[in-house]
Amino acid sequence: MPSLPTAPYLALKAVMMPYDTNPLGTVFGGVLLSYIDQAGVVGALYEIEKQGWPRQPLVTVAMNAVEFHQPVFVGDVVSFLTRVIRIGTSSITVHVSVEAERDGRAVRLTEAEVVFVAIDLAHGDRRPRPIRGE
């Protein structure tokens, strides 16, 4: 079992584009939530594989404690860093920190905790299954 929380993992990096903006000229929160969801599952799968557990389908069941600290601007190169903070029987909870480099330093823009559940696709009912493949 890994010691929790795990070390930060760069799961995703993206440039924010003009089509991602709201009328105020900053990036929509929903765009960030989509990237947070994607980065979270990438980070969860990375840790599952690192532990030697079988790779399996994960679905998002919750996005908790989302906090928008700073606006995100067009042209920001945004990094999505993940840390696994909890592993349950069928779930894995990932903290996602969203950062951009501004004036030579990392600025935390947004953060959230995302909960994923491993599911069984073989029988069509998508029931939860053990995260460790037991």
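Residues numbered from 1 in each chain as written. Predicted model: local features only at pLDDT ≥ 70, side-chain atom pairs only at ≥ 80, totals over all residues. Heavy atoms only, no water.

Caption draft 1: A look at helix α1 (residues 29-50). With 22 residues, α1 extends 31 Å from end C-alpha to end C-alpha; this agrees with the ideal 32 Å at 1.5 Å per step. Residues of α1 that are buried: V31, L32, I36, A39, G40, G43, A44, L45, E47 and I48. Among the structural elements, β1 (9-15), β2 (58-68), β3 (77-87), β4 (91-102) and β5 (105-118) are those in contact with the buried residues of α1. Phi turns positive, to about 85°, at G52, one or two residues after α1. (Helix = DSSP H or I, 4+ residues; strand = E, 2+ residues; numbered from the N terminus. Expected span 1.5 Å × (residues − 1). Buried < 20%, exposed > 50% of the residue type's maximum accessible area, 1.4 Å probe, protein only. Contact = heavy atoms within 4.5 Å.)

Caption draft 2: Highlighting the pattern of salt bridges. Scanning all chains against the criterion turns up six salt bridges. The network of salt bridges with shared partners includes E99, R108 and E111. (Salt bridge = Lys/Arg side-chain N within 4 Å of Asp/Glu carboxyl O.)

Caption draft 3: Here's a closer look at the sheet that holds β4. Pairing is antiparallel across the open sheet formed by five strands, whose spatial order is β1-β3-β4-β5-β2. Two strands bound the open sheet, and with one partner strand each, they are β1 and β2. For this sheet the average axis-to-axis angle between neighbouring strands, irrespective of direction, equals 25°. The sheet contacts of α1 involve β1, β2, β3, β4 and β5, and relative to β2 the element is tilted by about 125°. (Pairing = 2+ DSSP bridges. Axes fitted to C-alpha atoms, helices over the stretch in contact; angles between N-to-C directions.)

Caption draft 4: Expanded view of the packing of aromatic side chains. Per the stated rule, a full pass over the model turns up two aromatic pairs. Seen in terms of ring centroids, Y9 and Y46 are 3.8 Å apart; in terms of plane orientation they differ by 10°. Their pairing is stacked. Separated by 37 residues along the polypeptide, Y9 in strand β1 and Y46 in helix α1 bring together distant segments of the chain. Each ring, one from Y35 and one from F80, has its centre 5.5 Å from the other, and the planes form 35°; the classification is tilted. With Y35 in helix α1 and F80 in strand β3, this residue pair connects regions lying 45 residues apart in the sequence. (Phe/Tyr/Trp six-rings, centres within 6.5 Å; stacked < 30°, edge-to-face > 60°.)

Caption draft 5: Up close: unusual backbone geometry. Along the chain, L4 connects to P5 via a cis peptide bond; the corresponding omega equals -5°. Here P5 shows up in the segment before β1. Of note in this structure, A65 is not a glycine but carries a positive phi near 50°. Looking at the secondary structure, you find A65 in strand β2.

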